[in-house]
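So the chains spell out like this:
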Amino acid sequence: MIKFFRKIRRNLLSEGKTGKYFKYAIGEIILVVIGILIALQINNWNENRKLKINENYVIENLIEDLQSDYNNYEFNKIQLENQIKLVDELIEAPANKRMDTTIYLHQLRWGGNILSIAFDEDISKDIVNKDILKTIKIYYRTQKKTMVESNIYWEVVRDIVRPFLRKYGIHDSRSVKEMEYNQGAIDLELLIEEKLTAQYRSEEFQQILFELRLKAIGLYDVLDNLSQFNRELRLALKAYTND
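Residues numbered from 1 in each chain as written. Predicted model: local features only at pLDDT ≥ 70, side-chain atom pairs only at ≥ 80, totals over all residues. Heavy atoms only, no water.

Colleague: How should I be thinking about the overall build of the chain in this particular structure?
Modeller: A tally of helices and strands in the chain yields six helices and zero strands. Listing every helix and strand of the chain by position from the N terminus yields α-α-α-α-α-α. Relative to its full complement of 243 residues, the chain shows a buried share of 35%. Long-range contacts, defined as pairs at least 24 residues apart, comprise 76% of the intrachain contacts of the chain with a sequence gap of at least 6. (Helix = DSSP H or I, 4+ residues; strand = E, 2+ residues; numbered from the N terminus. Buried < 20%, exposed > 50% of the residue type's maximum accessible area, 1.4 Å probe, protein only. Contact = heavy atoms within 4.5 Å.)

Given below as structure tokens:
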């Protein structure tokens, strides 16, 4: 092809057709520029395609992580609901009277197990869509706030509730051994009800229940908000990858 164009230029010059030569030369330059632009366009298309494929891969993994987090949040919400209900019953239960409850007493010492897999500060380099990226960053900030509340709640359980149960010998060490024998059965009571009942009306116990209830409700509220945000974000990501 190059030899063909070169032959045309040579013929035009040899025939003295300078004007036609320049017109031809300009046309040839235009064709070259058009060719370069097309090549650049194809290259850009390929690069954008690669970015989109990588973005979809990252988002699909993110959706899976978000689903795992959502399941964890919903599980913890149920546990918190049970704990709050138990605390309310303990506050209202008269002294030395067995409570009519279907909730295990050891729910009192439950401290949460809130995990967040979907957390990556560097995700911005893989997400092309700015609106999607903005929503993800807002979700991460909400997640961080929830983890702060979770830590505050856990400190109450770890530093106040459990030491109180140890102090008055309310933990049932026999149940722990039985749990080991029954491969960690969760339907075993870990607290001695009679010893717990003896503390129902003590000011110390009532103050602990008040503090635990306050922090459990606070965590439940932010966790519920995060769980809903999680579900909405997954739906938005799935819709985006399907476009």
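Continuing now.
Colleague: Hey, could you run me through the packing of helix α3 (residues 130-167) against helix α6 (residues 203-242) in this one?
Modeller: Between two packed helices, the angle of one axis relative to the other and the distance separating the axes together describe the packing. Packing of α3 against α6 brings their axes to within 9 Å, and their N-to-C directions diverge by 155 degrees. Taken together, the axis directions place α3 and α6 in an arrangement best described as roughly antiparallel. In this structure, α3 meets α6 at a crossing whose hand is left-handed. (Axes fitted to C-alpha atoms, helices over the stretch in contact; angles between N-to-C directions. Parallel < 35°, antiparallel > 145°, perpendicular 65-115°, else oblique. Left-handed = near helix turned anticlockwise from the far one by under 90°.)

Colleague: I keep staring at α3 and nothing clicks. Help me out?
Modeller: Since the α-helix packs 3.6 residues into each turn, any two residues three or four apart lie on the same face. Taking 1.5 Å per residue, 38 residues should reach 56 Å; α3 reaches 55 Å between its end C-alpha atoms and fits that length. Roughly 30 degrees is the biggest bend found in α3, and it falls at Val-157. Two to three positions downstream of the cap, the backbone nitrogen of Asp-131 sits 3.0 Å from a side-chain oxygen, assigning the N-cap of α3 to Asn-129. Once α3 finishes, Gly-169 follows within two positions and takes phi at roughly 60 degrees, a positive value. (Expected span 1.5 Å × (residues − 1). Bend = angle between axes of the 7 residues up to and from the residue. Polar contact = N/O pair within 3.5 Å; in protein donor to acceptor, adjacent residues only side chain to side chain.)

Colleague: Looking at this model, I keep getting lost on the packing of aromatic side chains. Mind explaining?
Modeller: Geometry of an aromatic ring pair is reported as the spacing of the ring centres plus the angle between the planes. Summed over the entire model, instances satisfying the criterion amount to five aromatic pairs. Between Phe-164 and Phe-205, the ring centres sit 5.3 Å apart and the planes meet at 5 degrees, which makes this aromatic pair stacked. Of this pair, Phe-164 sits in helix α3 while Phe-205 sits in helix α6, placing them 41 residues apart in sequence. We note that Phe-164, like Phe-205, is buried. One aromatic cluster in this structure is built from Tyr-139, Tyr-140 and Phe-229. Of note, Arg-234 hangs over the ring of Tyr-70, and the distance from its end group to the ring centre comes to 4.6 Å. (Phe/Tyr/Trp six-rings, centres within 6.5 Å; stacked < 30°, edge-to-face > 60°. Lys NZ or Arg CZ within 6 Å of the ring centre and 35° of its normal.)

Colleague: Got a minute to help me understand a positive patch on the surface in this structure?
Modeller: A cluster of basic side chains, namely Lys-130, Lys-134, Lys-137, Arg-141 and Lys-145, defines a positive patch on the protein surface. Along the chain, the position of Arg-141 falls in helix α3. (Patch = residues over 30% accessible without salt bridge, like charges linked within 9 Å, V, L, I, M, F, W, Y side chains within 5 Å. Areas by Shrake-Rupley, 256 points an atom, 1.4 Å probe, with all protein chains shown as cover. Salt bridge = Lys/Arg side-chain N within 4 Å of Asp/Glu carboxyl O. Lys, Arg positive; Asp, Glu negative; His and termini not counted. Charge placed at Lys NZ, Arg CZ, Asp CG, Glu CD.)

Colleague: Sorry if this is basic, but what is going on with the side chain of Asp-172 here?
Modeller: Looking at the secondary structure, you find Asp-172 in the loop between α3 and α4 (173-181). Residue classification places Asp-172 among the buried positions, given a relative accessible area of 12%. Every residue in contact with Asp-172, bar those within four places of it in the chain, is listed here: Glu-189, Leu-190, Leu-191 and Ile-192.

Colleague: Any chance you could explain the environment of Asp-65 here in plain terms?
Modeller: Here Asp-65 shows up in helix α2 (residues 18-92). The class of Asp-65 is partly exposed, set by a relative accessible area of 27%. The spatial distance from the C-alpha of Asp-65 to the C-alpha of Ser-116 is 8.3 Å, given a sequence separation of 51 residues. When residues no more than four places from it in sequence are discounted, the contact partners of Asp-65 are Ile-117 and Ala-118.

Colleague: Where do I start with the nonpolar core in this structure?
Modeller: One recurring pattern in soluble globular proteins: nonpolar side chains tend to sit buried together. Leu-108, Ile-136, Leu-196 and Leu-237 are the most contacted members of the largest nonpolar core, which has 47 residues in total. Counting residues per element, the ones that place at least two in this core are α2, α3 and α6. With 13 residues, the top contributor of residues to this core is α6. With sequence-adjacent residues up to four places away left out, Ile-136 is seen in contact with Leu-62, Ile-123, Ile-127, Leu-233 and Leu-237. (Core = buried A, V, L, I, M, F, W, Y, C linked by side-chain atoms within 4.5 Å.)

Colleague: I tried to follow the pattern of salt bridges on my own but got confused; where do I start?
Modeller: Between side chains of opposite charge, a pair can form as their charged atoms come close. According to the stated counting rule, one finds six salt bridges in the structure shown. Between Asp-88 and Arg-213 there is a salt bridge, and its shortest N-O distance comes to 2.4 Å. Of this pair, Asp-88 sits in helix α2 while Arg-213 sits in helix α6, and the two are 125 residues apart along the sequence. By relative accessible area, which is 22% here, Asp-88 ends up partly exposed. Arg-213 gets classed as partly exposed once you look at its relative accessible area, which sits at 31%. Here Asp-159 and Arg-158 are joined by a salt bridge, their closest N and O atoms 2.8 Å apart. Linked by salt bridges that have partners in common, Glu-74, Lys-77 and Asp-224 make up one network.

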